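# Descriptive structure summary
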Amino acid sequence: MRKRLIGVAAVAMVALMGVAQAQDKKTIGVSIPAADHGWTAGVVFHAERVAKKLMEEHPGLNVIVKTSPDPASQANAVQDLETQGIDALVILPSDPDPLVNAIKEVKDKGKFVALVDRAPSSNDNSVRDLYVAGNNPALGEVAGKYIAEKTPEAEVVIIRGLPIPIDQQRQDGFDKGIAGSKVKVLDRQFGNWNRDDAFKVMQDYLTKYPKIDVVWCQDDDMAVGVLQAIEQAKRTDIQYVVAGAGSKDMIKKVMDGDKMIPVDVLYPPAMVGTAMELTAAALIDQVPVSGNYILDATLITPENAKNFYFPDSPF
Amino acid sequence: MTETAAATAKARRSWKDVDLRAVAPFVALALLLVLGAFANPNFISVDNLLNVLTRSAFIAIIAVGATFVISAGGLDLSVGSMVAFVASLTILFMNSGAISDPTMTIVAAAVLAIAIGAACGLANGLITTVGRIEPFIATLGTMGIYRGLTTWLSQGGAITLRNPEVQSLYRPIYFGEIFGVPFPIYVIVITAAIGAFVLYRTRYGRHVVAVGSNEDVAHYSGIPVSRVRTLTYVIQGLCVAVACLIYIPRLGSTSATTGLMWELQAITAVVVGGTALRGGVGRIWGTVCGAFILEIVGNIMLLSNFVSEYLLGAIQGAIIIIAMLVQRSLVRKS
């Protein structure tokens, strides 16, 4: 009974606010994790960049960007945004499952919810209207296919991230990408998505294997350590390194035609901007956008690199 | 207990067991070398061993400072964050182009790093002694502060050394060799030698150990306890700065995750090296050996083919405990 009452009240409120705001202003709340490493720093940069652009393009639109260091404070931030009166929420949850309830609360009030990158275990339309994400299995698969095509008999060493599901998806994707080719995986070890750890792992690979053709380290931060280790060992057998994400330093190397970094695989922090643009389209132009929007893990080559290059981004 | 009585008691005790205790970490190290040679024949190659010794430099140098702090009965959890903070500020200074000559830039940056390191250490020391806050909590606080400031400076991204001239001039500090031995290994030996001299041969060093073994007795013997303690944190800060100076040229950049968990590695190195966590005993050379042990364990795991990558952490933990048990049994037998 009480629930129904609250529901009725909420519907009434939404209707009232809808009437009040239909003509003048729409507000989009954006909740993202604080910048604690390269990729999230990129998320913050792109969220703020796109927020500014959207407000310039649509004078009636207000976009509020909030960053939070952990799931608990992000839940609070979502509540704060809601009390400020938002029409839509774009959220990249630092940890999706603990935040499901906070998101559902907004959704139950009839607001448009766009979820970015990290999906909770039950990712359906009771939680969100729109889901925008990169493609982790494809990130591995694209890298695997590229290696299988360019160097069909390569002996590859792999540096993994952390033992979490995303990393496993990337590994499985890679195995799918090289399936049927003669590419041989010599070793897989964890580098914790950390430059210094990747440096150590690479040094040890160089000691362990007298001949390595290709390194797949699936992350641009780790590639920094890998390149230093190779340079120090003065080894010439390594033909190239395949990283991933799309940091400005690695994309610059691709643009400049660096032999060691011929390509990069995209897993862009700018995807938060995709979600914001689509949300604005739904709010203002009333185009249907609900559903899943999975970005390709695009292979960045010297030809298309400039489309993904943001020299001002911290990442 | 008067000072002379304490001193003679100490001298007698040390004659009995100091040798074996000091030797024990090196025995553990030797056993690990044998194990490593079985795991992979490449392990024992000169190149690999030099690689491992070189990259243990950061932890070894930081741990020399930690030996002082821990011997005096303190603890410093902020060293990992401090590395990130000092290194970031140093890189920002070099990027600022305040001095046009690259050589002078590096010299000035080195002086600056050492000053910042000492200041960070002094802050830790004053908070624990003047502020009378438990070192665990005080340095847990500064750990958050230094890490947070680094994240803020880098906006969550990376701080990279931009000037190519400075870069090429600075690079040999990590990658360069003298008589075939990488430069950082000399830095470890020199830092440890200075540390050992101060801890074993100076009055200050004896005060550190006295304060660590019994604060009250030290106080009544007229030792300025607070000043001795504060200085140990300054020494720790100086060691962090030295570690930063050889860390920066390796990757030429820092990020918000630089030096994550290094404080625990440094403390482990100190304890594996035979220094008591409760204070009162300090073993500089044992600490350096402890740092080598930590790095070699990781290296052996990676080079061997029979350990699953998911089990690395478990096996590393087990090897450290076994190394400690070997040490203890050696000491008991004597």
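The rules behind the values
- Residues numbered from 1 in each chain as written.
- Chains lettered and ligands numbered in written order.
- Predicted model: local features only at pLDDT ≥ 70, side-chain atom pairs only at ≥ 80, totals over all residues.
- Helix = DSSP H or I, 4+ residues; strand = E, 2+ residues; numbered from the N terminus.
- Rg over C-alpha atoms; globule rule 2.2 N^0.38 Å.
- Buried ≥ 20, exposed ≤ 12 C-beta atoms within 10 Å, placed from the backbone.
- Contact = placed C-beta atoms within 7 Å.
- Axes fitted to C-alpha atoms, helices over the stretch in contact; angles between N-to-C directions.
- Left-handed = near helix turned anticlockwise from the far one by under 90°.
- Nonpolar A, V, L, I, M, F, W, Y, C, P; charged D, E, K, R; others polar.
- Core = buried A, V, L, I, M, F, W, Y, C linked by C-beta atoms within 7 Å.
- Domains from an automatic or database assignment.
- Pairing = 2+ DSSP bridges.
- Right-handed = clockwise from strand over helix to strand, strands pointing away.

### Topic: the overall build of chain B
- The number of helices and strands found in chain B is 15 helices and four strands.
- In terms of overall dimensions, chain B is globule-like: its C-alpha atoms have a radius of gyration of 20 Å, near the 20 Å expected for 334 residues.
- Considering only C-alpha atoms, chain B reaches an extent of 60 × 50 × 40 Å along its principal axes.
- The burial tally for chain B puts 49% of its 334 residues in the buried class.
- A fraction of 81% describes how many contacts in chain B between residues 6 or more apart in sequence connect residues 24 or more apart.

### Overview of the overall build of chain A
- Tallying secondary structure elements over chain A gives 10 helices and 12 strands in all.
- Relative to a compact globule of 315 residues, whose C-alpha radius of gyration would be 20 Å, chain A shows 22 Å and is just as compact.
- Here the C-alpha coordinates of chain A stretch approximately 70 × 40 × 35 Å along the principal axes.
- A burial count over chain A gives 51% of its 315 residues as buried.
- Look at the contacts in chain A between residues 6 or more apart in sequence, and 74% of them connect residues 24 or more apart.

### Some remarks on the packing of helix α3 (residues 57-71) of chain B against helix α14 (residues 284-303) of chain B
Residues and elements named next belong to chain B.
- Taken N-terminus to C-terminus, the directions of α3 and α14 make an angle of 145°; their axes are 9 Å apart at the nearest point. In this structure, the crossing between α3 and α14 has a hand that is right-handed. Two secondary-structure elements touch here, α3 through Ile 59, Ala 60, Ala 63, Val 64 and Thr 67 and α14 through Ile 284, Thr 287, Val 288, Gly 290, Ala 291 and Leu 294.
- Per-class residue counts for the contact of α3 with α14 are eight nonpolar, three polar and no charged.

### Regarding the nonpolar core
- Core analysis: the biggest nonpolar cluster contains 187 residues, and Val226(A), Ile62(B) and Val86(B) have the highest contact counts within it.
- Of the residues forming this core, the biggest block, 16 residues, is contributed by helix α12 (residues 225-251) of chain B.
- Two domains each put at least three residues into this core: domain 1 (2-134 + 269-295) and domain 2 (136-265) of chain A.

### Looking at the sheet that holds strand β7 (residues 184-190) of chain A
All names here are of chain A.
- In space, the four strands of this open sheet follow the order β7-β6-β8-β9, with parallel pairing throughout. The sheet is open, and its two edges are formed by β7 and β9 (240-242), each paired on a single side. Here the strands of the sheet are splayed against their neighbours by 20° on average, with no regard to which way each runs.

### Observations concerning unusual backbone geometry
- The phi dihedral of Ala245(A) is positive, around 120°, even though this residue is not glycine.
- Within the secondary structure, Ala245(A) sits in the loop between β9 and α9 (248-255).
- For Ala245(A), a count of 25 C-beta atoms within 10 Å translates into the label buried.
- One non-glycine residue, Met261(B), adopts positive backbone phi at about 70°.
- With respect to the helices and strands, the residue Met261(B) is situated in the loop between β4 (253-255) and α13 (262-272).

### Regarding the sheet that holds strand β2 (residues 61-68) of chain A
Residues and elements named next belong to chain A.
- The parallel open sheet is built from six strands, whose spatial order is β2-β1-β3-β4-β5-β11. The sheet is open, and its two edges are formed by β2 and β11 (291-294), each paired on a single side. Going from strand to strand, the sheet's axes swing by 15° on average, the running direction of each strand aside.
- With eight bridges connecting them, strand β1 (residues 26-33) and β2 associate as parallel partners. By the bridge assignment for β2, Ile 28 is matched with Val 63.
- Helix α3 (residues 71-83) rests against β1, β2 and β3 (88-91) of the sheet, and its axis sits at about 160° to β2.

### Let's talk about the environment of Ser181(A)
Residue and element names in this part refer to chain A.
- Mapped onto the secondary structure, Ser 181 falls in the loop between α6 (165-178) and β7.
- You can call Ser 181 partly exposed: it has 16 C-beta atoms within 10 Å.
- Along the primary structure Ser 181 and Pro 311 are separated by 130 residues, whereas in three dimensions their C-alpha atoms are 37 Å apart.
- The residues contacting Ser 181, other than those within four sequence positions of it, are Ala 148 and Pro 152.

### Here's the deal with the domain arrangement of chain A
- In terms of domain boundaries, chain A breaks down into domain 1 (2-134 + 269-295) and domain 2 (136-265).
- Here the C-alpha centroids of domain 1 of chain A and domain 2 of chain A sit 35 Å apart.

### Some thoughts on the pairing of strand β6 (residues 155-160) of chain A
All names here are of chain A.
- Counted residue by residue, β6 has five buried out of six residues, so it is predominantly covered.
- Pairing of β6 with β7, which is carried by six bridges, proceeds in the parallel orientation. Residue pairing in the sheet places Ile 159 in a bridge with Gln 189 of β7.
- Between the parallel pair β6 and β7, the chain is carried across by α6, and the sense of this crossover is right-handed.

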